[in-house]
Amino acid sequence: MAIIHRTTLKPTKLELLTAWLPTRPWYAGAGEPRPVKAGGFRLDDPEGEVGIEFMVVTDDSGPRTVGHLVPLTYRGAPLEGAEHALVGTMEHGVLGPRWAYDGCHDPVLVDRLWALIEGRAQAQAQSVTDAVDREVTRSYTGPGLGAGQVAAPVVEDSENGTLLAAPDGTTLRLHRVLRPAPQGVPLPPEGASGHVGGAWQLPDGTRAQGLFAALYADGRG
């Protein structure tokens, strides 16, 4: 169970993202980002070592406000071989130095995300310890995925989002630029065998729900 500490971070997560977001091919803002935390959820690491957060930030630096999905992991030591995925380092008021990574490149997040889709893990509230996030939806139809199948996916960033390709041909498409779902119900796209949906706050104070990720068993992603 992840413990949510009420403490300080220097620099803050949003300060790290201000510098990191423009380096991503899927970033849809303009000029210097102005990220605002708008929602998200957490997943628990069974070993209790890695913090896992799926953060939603909104950004009004362009002609329209855009929501971005930013999966992050937080570690107490550098992740070997993941220098390219480092978002930045922070000083945590309780835990000390923390290394923040683009979670798509962290095997712990990938394993837990697949577990969430399959129904073997539950989404946790972003800012409350030991509380299930009831706004997160998921579905999966198919055989058990198993951790061995998804331990080392090929990760590809593009202007359309992030694609995780597992060795067995299964692909997971993360929607980095978020759009409210029609009728407010995030459903798996046609041809998808699973999905994750969630909610975030719009600038006018209303809540939106949309598709975060879609799973394809045939590699179409």
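All of these numbers come straight from a predicted model, not from anything done at the bench.

### Focus on the overall build of the chain
The number of helices and strands found in the chain is three helices and 14 strands. Along the three orthogonal principal directions, the C-alpha set of the chain runs to about 45 × 40 × 30 Å. Each of the 221 residues in the chain was classed as buried or not, and the buried ones make up 48%. Within the chain, contacts between residues separated by at least 24 positions form 58% of all contacts whose residues are at least 6 apart in sequence. When the accessible surface of the chain is split by element, carbon and sulfur atoms take 52% of a total near 10,400 Å².

### Focus: the pattern of salt bridges
Under the counting rule described, the total for this entry stands at nine salt bridges. Arginine 34 is the salt-bridge partner of aspartate 60, the closest N and O atoms lying 2.8 Å from each other. Placement of aspartate 60 in the loop between β3 (51–59) and β4 (66–75) and of arginine 34 in the loop between α1 (13–20) and β2 (35–43) is noted, with a sequence separation of 26 residues between them. Given a relative accessible area of 39%, aspartate 60 falls into the partly exposed group. In this structure, glutamate 118 and arginine 120 form a salt bridge, with 2.6 Å as the shortest nitrogen-oxygen distance. Owing to a relative accessible area of 43%, arginine 120 belongs among the partly exposed residues under this scheme. Residues joined in a network through salt bridges with shared partners are Lys13, Arg42 and Glu53.

### Side note on the environment of phenylalanine 54
As for its position among the elements, phenylalanine 54 is in strand β3. Spatially, the C-alpha atom of phenylalanine 54 lies 13 Å from that of valine 177, the residues being 123 residues apart in sequence. Apart from residues no more than four positions distant in its own chain, phenylalanine 54 is found in contact with Gly39, Gly40, Phe41, Leu43, Leu69, Val70, Pro71, Leu109, Leu113 and Gln126.

### Focus on the side chain of arginine 112
Relative to the assigned elements, arginine 112 resides in helix α2 (residues 107–118). Sequence-distant contacts of arginine 112, defined by excluding residues within four places in its chain, comprise Leu43, Asp44, Pro46, Ile52, Arg120 and Ala121.

### So, the pairing of strand β5 (residues 86–92)
For strand β1 (residues 9–10) and β5, the ladder comprises two bridges, and the chain directions are antiparallel. Residue pairing in the sheet places lysine 10 in a bridge with glutamate 91 of β5. Bridge analysis of β5 against strand β6 (residues 96–102) gives six bridges, and the strand direction is antiparallel. Bridging from a neighbouring strand, methionine 90 pairs with arginine 98 of β6.

### Here's the deal with the nonpolar core
Phe41, Phe54, Leu113, Leu172, Val196 and Phe212 are the most contacted members of the largest nonpolar core, which has 29 residues in total. When contributions to this core are tallied by element, the ones reaching two or more residues are β2, β3, α2, β11 (171–174), β13 (194–201) and β14 (207–216). Of the residues forming this core, the biggest block, six residues, is contributed by α2.

### Quick notes on the packing of aromatic side chains
Using the criterion set out here, one finds four aromatic pairs in the structure. Their ring planes at 5 degrees and their centres at 6.3 Å tell us that phenylalanine 41 and phenylalanine 212 sit as a pair that is stacked. Pair noted here: phenylalanine 41 is in strand β2 and phenylalanine 212 is in strand β14, with a separation of 171 residues, a long-range link. Here phenylalanine 41 and phenylalanine 212 have matching classes, each one buried. Measuring from centroid to centroid gives 6.3 Å for tryptophan 200 and phenylalanine 212, while their planes differ by 35 degrees, and the two rings are tilted. Note that tryptophan 200 is positioned in strand β13 and phenylalanine 212 in strand β14, a separation of 12 residues in sequence. There is no split in this pair, since tryptophan 200 and phenylalanine 212 are both buried. Taken together through their ring pairs, the aromatic side chains of Phe41, Phe54, Trp200 and Phe212 make up a single cluster.

Scoring rules and cut-offs
- Residues numbered from 1 in each chain as written.
- Predicted model: local features only at pLDDT ≥ 70, side-chain atom pairs only at ≥ 80, totals over all residues.
- Heavy atoms only, no water.
- Helix = DSSP H or I, 4+ residues; strand = E, 2+ residues; numbered from the N terminus.
- Buried < 20%, exposed > 50% of the residue type's maximum accessible area, 1.4 Å probe, protein only.
- Contact = heavy atoms within 4.5 Å.
- Areas by Shrake-Rupley, 256 points an atom, 1.4 Å probe, with all protein chains shown as cover.
- Salt bridge = Lys/Arg side-chain N within 4 Å of Asp/Glu carboxyl O.
- Pairing = 2+ DSSP bridges.
- Core = buried A, V, L, I, M, F, W, Y, C linked by side-chain atoms within 4.5 Å.
- Phe/Tyr/Trp six-rings, centres within 6.5 Å; stacked < 30°, edge-to-face > 60°.

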